[in-house]
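These are the residues of each chain, in order.
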Amino acid sequence: YPLVVNACGKKECLSQDLLLHLRHVNRAPVFDLINKTSVMETEKVSLMLRAVDPDGDIVHYYYTDPLSKYDASWETKKGDKGNYTTYVTATDGKSETTLAVPIMVTKKNILPTIKTEDTLTVNENQEFTLAVKASDEDNDQLTLKLRNPPLGASFKEGVLIWQPGYDNVINKTD
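Cut-offs applied
- Residues numbered from 1 in each chain as written.
- Predicted model: local features only at pLDDT ≥ 70, side-chain atom pairs only at ≥ 80, totals over all residues.
- Heavy atoms only, no water.
- Helix = DSSP H or I, 4+ residues; strand = E, 2+ residues; numbered from the N terminus.
- Buried < 20%, exposed > 50% of the residue type's maximum accessible area, 1.4 Å probe, protein only.
- Contact = heavy atoms within 4.5 Å.
- Phe/Tyr/Trp six-rings, centres within 6.5 Å; stacked < 30°, edge-to-face > 60°.
- Salt bridge = Lys/Arg side-chain N within 4 Å of Asp/Glu carboxyl O.

A. Representation of the environment of Glu43 within the structure. Checked against the element boundaries, Glu43 lands in the loop between strand E4 (37-40) and strand E5 (44-46). With relative accessibility at 34%, the residue Glu43 sits in the partly exposed group. For the pair formed by Glu43 and Thr76, sequence separation is 33 residues and the distance between their alpha carbons is 5.6 Å. The contacts of Glu43, once residues within four sequence positions are left out, are Trp74, Glu75 and Thr76.

In structure tokens, the structure reads:
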């Protein structure tokens, strides 16, 4: 920038030209506000971060574990429950900004399993007993219930007891 400096007394002024050189100072990228990241086990974490470089430079991103270095995603798996912190660095090649991003992985409930015979054949008017077992990998307390039990049947503690009458057969062919 060309500048002119004037020094004036009562009757005389002196002017001197001055050339001012400005140096560009690179500014680091600035992250936008981030939201909390929370997923369940077996779900994918995908960070949606954005940083803006005040100088208009291109911004590149780098990530730490549990994400990969160049990818803002992580495919969680069973057993990954916990709190994690990944560090995201935004750089314009000269300056950088690093942001700690918390990631919460919650436990995914696993459905219980039911163990019983798939098919059971019994005769009319013959009482039978069918035991139903269930287990839960998460060790949740289980309650067994039988929906729409046949008339006259009982179901207690996972055991079905019933004596079908002669009128209960749907298809009377052998």
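After that view, the rundown keeps rolling.
B. Structural detail: the packing of aromatic side chains. For the coordinates displayed, the defined rule picks out 3 aromatic pairs. Judged by centre distance (5.6 Å) and plane angle (70°), the ring pair of Tyr62 and Tyr70 falls under edge-to-face. For Tyr62, a relative accessible area of 31% translates into the label partly exposed. For Tyr70, a relative accessible area of 60% gives the class exposed. Plain terms: the ring middles of Trp74 and Tyr84 are 4.9 Å apart, the flat faces sit at 75° to each other, and that makes the pair edge-to-face. Of this pair, Trp74 sits in strand E8 (residues 73-75) while Tyr84 sits in strand E9 (residues 82-91), placing them 10 residues apart in sequence. Among the residues examined, Tyr84 registers a relative accessible area of 24% and is labelled partly exposed.

C. Structural view of the pattern of salt bridges. Taken as a whole, this structure holds 5 salt bridges when the rule is applied. Here Lys78 and Glu137 are joined by a salt bridge, their closest N and O atoms 1.8 Å apart. Separated by 59 residues along the polypeptide, Lys78 in the loop between E8 and E9 and Glu137 in the loop between strand E13 (133-135) and strand E14 (154-156) bring together distant segments of the chain. For Lys78, a relative accessible area of 48% corresponds to the partly exposed category. We note a salt bridge from Asp138 to Lys107, for which the minimum N-O separation is 3.1 Å. Of this pair, Asp138 sits in the loop between E13 and E14 while Lys107 is found in the loop between strand E10 (96-106) and strand E11 (113-115), placing the two residues 31 residues apart along the sequence. Judged by relative accessible area, Asp138 falls into the buried class, the value being 14%.

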